[in-house]
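Chains, contacts and geometry: an overview
Next come the chains, spelled out residue by residue.
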Amino acid sequence: MADTKPIRVLIVDDHPMVRKGLSSFLLVIDDLELVGEAKDGLDALRKCEHSPPDVVLMDLVMPVMDGPTAIREIRERWPEIQIIALTSFQEEDLVHEALRAGAISYLLTDVS
């Protein structure tokens, strides 16, 4: 069996407890490698520049730079990075905006 590299993941959320919870989850899965955490979209751009992930888990509602704007920027600069939108509520318009911006999917954070 060939050795495969873990999927490099960046978590972007303005709530420290959400980032910490997702980080804890990712750290115990061998196929995933946490490469960083960002507190908003602008911080996510800086992290992608410094240490590009394979996948970004992106909150949609954040100060400084919101998720859809950051998704659009990341996909323009680094089209190889895949983005999954995270939202704690099912707001259709916001989810559709994130998908139009380049997110490949979305996850509701309030489900188990």
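The helix and strand inventory of the protein chain stands at 4 helices and 5 strands. Computed over the C-alpha atoms, the radius of gyration of the protein chain is 13 Å, within 12% of the 13 Å expected from 2.2 N^0.38 for a compact globule of 112 residues. Along the first, second and third principal axes, the C-alpha atoms of the protein chain reach 45 × 30 × 25 Å. Counting all 112 residues of the protein chain, 38% fall into the buried class. Residue pairs in contact within the protein chain that sit at least 24 positions apart in sequence constitute 60% of those at least 6 positions apart. For the protein chain, the exposed surface amounts to about 6,700 Å²; the carbon and sulfur share of it is 54%.

Before going further, it helps to examine helix α4 (residues 92-101). For α4, the full list of buried residues reads L94, V95, A98 and A101. Angular distribution of buried residues about the axis of α4 spans 125 degrees; they occupy a single face of the element. Counted as exposed and oriented over 90 degrees from the buried face of α4: E92, D93 and R100. If you follow the buried residues of α4, they end up packed against α3 (67-77), β4 (82-87) and β5 (105-108). Backbone geometry just after α4 places G102 at a positive phi near 130 degrees.

Attention now moves to the layout of surface pockets. The computed volume of the largest pocket comes to approximately 230 Å³. When contributions to the lining of the largest pocket are tallied by element, the ones reaching two or more residues are β1 (7-12), α1 (16-27), β3 (55-59) and β5. Broken down by element, the lining of the largest pocket gets its largest block of residues, 3 residues, from α1. By residue class, the composition of the lining of the largest pocket is 12 nonpolar, 1 polar and no charged.

A separate point is the pairing of strand β2 (residues 32-38). Every other side chain in a regular strand lies on the same face of the sheet, so the side chains alternate between the two faces. Strand direction decides the pairing type here: β1 and β2, joined by 6 bridges, are parallel. The partner of R8 across the bridge, within β2, is E33. With respect to chirality, the unit in which β1 leads through α1 into the neighbouring parallel β2 is right-handed.

Soluble globular proteins: nonpolar side chains tend toward being buried together. In this structure, V12, V56, M58, I71 and I74 are the most contacted members of the largest nonpolar core, which totals 23 residues. Listed by contribution, the elements that provide at least two residues to this core are β1, α2 (41-50), β3, α3, β4 and α4. At 4 residues, α4 tops the list of elements feeding residues into this core. Not counting the four nearest positions on each side in its chain, I71 is found in contact with M58, L60, I83, A98, A101, G102 and A103. Formed by 7 residues, the second largest nonpolar core is a distinct cluster that contains V9, V55, L57 and I84.

Parameters at a glance
- Residues numbered from 1 in each chain as written.
- Predicted model: local features only at pLDDT ≥ 70, side-chain atom pairs only at ≥ 80, totals over all residues.
- Heavy atoms only, no water.
- Helix = DSSP H or I, 4+ residues; strand = E, 2+ residues; numbered from the N terminus.
- Rg over C-alpha atoms; globule rule 2.2 N^0.38 Å.
- Buried < 20%, exposed > 50% of the residue type's maximum accessible area, 1.4 Å probe, protein only.
- Contact = heavy atoms within 4.5 Å.
- Areas by Shrake-Rupley, 256 points an atom, 1.4 Å probe, with all protein chains shown as cover.
- Arc of directions from axis to C-beta.
- 1 Å grid on protein atoms, 1.4 Å probe; cavity = no way out; pocket = protein on both sides within 12 Å on 5 of 7 lines; lining within 4 Å.
- Points joined across faces, edges and corners; volume = space filled by probe spheres on them.
- Nonpolar A, V, L, I, M, F, W, Y, C, P; charged D, E, K, R; others polar.
- Pairing = 2+ DSSP bridges.
- Right-handed = clockwise from strand over helix to strand, strands pointing away.
- Core = buried A, V, L, I, M, F, W, Y, C linked by side-chain atoms within 4.5 Å.

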